[in-house]
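These are the residues of each chain, in order.
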Amino acid sequence: MAIGVGLIGTGFMGKCHALAWNAVAPVFGDIEPPVLTMLAETGERLAQERARQLGFRRSTGDWRALVTDPAVDVVSITAPNEFHAEMAIAALTAGKHVWCEKPMAASLAEAVEMHRAWKRSQRVGVLGYNYIQNPALRLMRKLVREGAIGRLNHVRVEMDEDFMADPEGPFGGKSAASSGYGALDDFAVHPLSLLSGFVGQIESVFCDMAKPYATRQVEGGGRRAVETYDIATALLRCAGGVSGLVCANRCAWGRKGRIKIQLFGDRGTIAFDQERLNEVEVFTRDGPLETQGFRTILMGPAHPPYDRFIPAPGHELGFNDLKVIECRELIAAIAGEPAAVLDFDAGLAIERTVHGLAESFRSGAWVKPAQA
Ligand SMILES: NC(=O)c1ccc[n+]([C@@H]2O[C@H](COP(=O)([O-])OP(=O)(O)OC[C@H]3O[C@@H](n4cnc5c(N)ncnc54)[C@H](O)[C@@H]3O)[C@@H](O)[C@H]2O)c1
């Protein structure tokens, strides 16, 4: 039977989810098209307008009506972080599956509550860590698993964007403490989601955070003290002695969507950058020294599920396509099939690492991922 979809929020990620729900059946060709049942926004008129634009049958200005609607089976939560816990818990309690954007919640206590509600519900709970769905990342995981670079000893991920780099930019929601710590939970959760495919358990962490600008302009004049940290640097000690470094910066002029991953092993290195998301660089110390060097592998139909989108190599997938892949994996999870998703167990582990990092910043000491 076709799945009934409810979507909460229609901003950056709401549109991305809507595109994914619209595209998943035509792209993959192996599932019944989901029914885009209902959309919720902050007011009735806005909800109506967005439902028309994004192809949803009904709309509401009250997300609670959506999560209890009998025709909705799965709820996409793309509202700001501070709503995730309340919305996800209500949806799970009403018996719906949940696809919630990252980070899981604004606080560890809320993430733990969400996790409890998910366990009780026996429904599928998936977090929106779309970057792990890239065929390039699948290839990297396969290469590491097969020993292409030998034994992994160091992983390094840098996530940089410049949308908050202007010191004269306005004070927005992301500068308020209600949104979380800043780059740590807004950005570093993505590198942590990516690392989960390469390293085992994160055993202890150390963190520094920084505010490049102490104040920002407020509408109507004056300036307000910035409450979040736009820069975060994290050191990780992972199982098996693998060392990790994660840097996140929302004020990195010139960087637009950089997630640079470097995986160093005792036989070689694999590198990737989200700004060139169809390319994987591999170095192995094979052959004569004079011809050794990185080679670039360009994604194509040999790298599933690229083939479901485009039959020709090198024509390139984009950011929104990763959400379509994530959506197909979510549908597999709902059908009880094996699925490459980060569920609420994996999501809570990421939250524990993030809050452990925040604790380390406060105490100035190495700490274990947070318990609550
Ligand atoms: N996975 C990713 O790569 C990625 C990228 C960006 C943002 N995000 C996450 O997606 C979430 C949303 O971020 P965004 O950039 O789309 O924000 P946004 O501000 O563009 O959109 C948020 C939307 O939620 C709506 N909304 C707010 N309160 C609501 C309520 N009570 N009921 C119904 N709708 C409500 C807003 O009107 C808006 O349309 C955040 O949790 C963010 O961390 C994830």
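With that settled, consider the layout of surface pockets. Approximately 1000 Å³ is the volume attributed to the largest pocket. What lines the largest pocket is a set of 42 residues, and nearest its centre among them are Phe12, Met13, Thr78, Pro80 and Lys174. Along the lines of polarity and charge, the residues of the lining of the largest pocket split into 15 nonpolar, 16 polar and eleven charged. When its volume is computed, the second largest pocket comes out at roughly 360 Å³. What lines the second largest pocket is a set of 16 residues, among which Gln201, Ile202, Ala349, Ile350 and Thr353 lie closest to the centre. Listed by contribution, the elements that provide at least two residues to the lining of the second largest pocket are β8 (202-210) and α11 (344-363). Tallying contributions element by element places α11 first for the lining of the second largest pocket, with five residues. Among the residues forming the lining of the second largest pocket, the class breakdown is eight nonpolar, five polar and three charged.

Positionally, Asp186 belongs in helix α7 (residues 183-186). Within the structure, the side chain of Asp186 is placed 2.9 Å from the side chain of Lys174, a separation counted as a polar contact.

Formed by 114 residues in total, the largest nonpolar core has its most connected members in Ile8 and Leu263. Discounting residues that sit within four places of it in the chain, Ile8 has contacts with Ala40, Trp63, Leu66, Val67, Val75, Ser76, Ile77, Thr78, Ala79 and Met87.

Following the sequence through the fold, Ala358 ends up in helix α11. The exposure class assigned to Ala358 is buried, which follows from its relative accessible area of 1%. Through-space distance from the C-alpha of Ala358 to that of Ala111 is 15 Å; in sequence the pair is 247 residues apart. Sequence-distant contacts of Ala358, defined by excluding residues within four places in its chain, comprise Tyr181, Leu184 and Met209.

Our next topic: the environment of Arg352. Mapped onto the elements of the fold, Arg352 is located in helix α11. Linking Arg352 and Ala111, residues 241 residues apart in sequence, is a C-alpha distance of 9.2 Å.

In this section: helix α1 (residues 12-28). Each α-helix winds once per 3.6 residues, and so residues spaced three or four apart point in a common direction. With 17 residues, α1 ought to run about 24 Å at 1.5 Å a step, and its terminal C-alpha atoms sit 24 Å apart, in line with that. At Asn22, α1 is deflected by roughly 35°, the largest bend along its length, and proline Pro26 occurs up to four residues later in sequence. Taken together, the buried positions of α1 are Met13, Gly14, Cys16, His17, Ala18, Ala20, Trp21, Val24, Ala25, Val27 and Phe28. Following α1 by one or two positions, Gly29 adopts a phi angle in the positive range, close to 65°.

The full set close to the ligand counts 25 residues, and Glu41, Asn81, Glu101, Lys102 and Asn130 are the nearest of them. Here an oxygen atom of the ligand sits 2.4 Å away from a polar atom, N or O, in the side chain of Glu41. One of the side-chain nitrogen or oxygen atoms of Asn81 is found 2.6 Å away from an oxygen atom of the ligand. Considering the ligand on its own, with 850 Å² of exposed area, one finds that the protein chains cover 79% of that surface. Under a 2 Å grid-point criterion requiring more than half of the atoms, the pocket assigned to the ligand is the largest pocket. Looking at the shell around the ligand, the elements that each hand over two or more residues are α1, α4 (81-93) and α10 (319-334). Take the shell around the ligand: its biggest share by element is four residues, from α4. Residue classes in the shell around the ligand are distributed as eleven nonpolar, ten polar and four charged.

Criteria and cut-off values
Residues numbered from 1 in each chain as written. Predicted model: local features only at pLDDT ≥ 70, side-chain atom pairs only at ≥ 80, totals over all residues. Heavy atoms only, no water. 1 Å grid on protein atoms, 1.4 Å probe; cavity = no way out; pocket = protein on both sides within 12 Å on 5 of 7 lines; lining within 4 Å. Points joined across faces, edges and corners; volume = space filled by probe spheres on them. Nonpolar A, V, L, I, M, F, W, Y, C, P; charged D, E, K, R; others polar. Helix = DSSP H or I, 4+ residues; strand = E, 2+ residues; numbered from the N terminus. Polar contact = N/O pair within 3.5 Å; in protein donor to acceptor, adjacent residues only side chain to side chain. Core = buried A, V, L, I, M, F, W, Y, C linked by side-chain atoms within 4.5 Å. Buried < 20%, exposed > 50% of the residue type's maximum accessible area, 1.4 Å probe, protein only. Contact = heavy atoms within 4.5 Å. Expected span 1.5 Å × (residues − 1). Bend = angle between axes of the 7 residues up to and from the residue. Near = heavy atom within 4 Å. Areas by Shrake-Rupley, 256 points an atom, 1.4 Å probe, with all protein chains shown as cover. Sits in = over half its atoms within 2 Å of the grid points.

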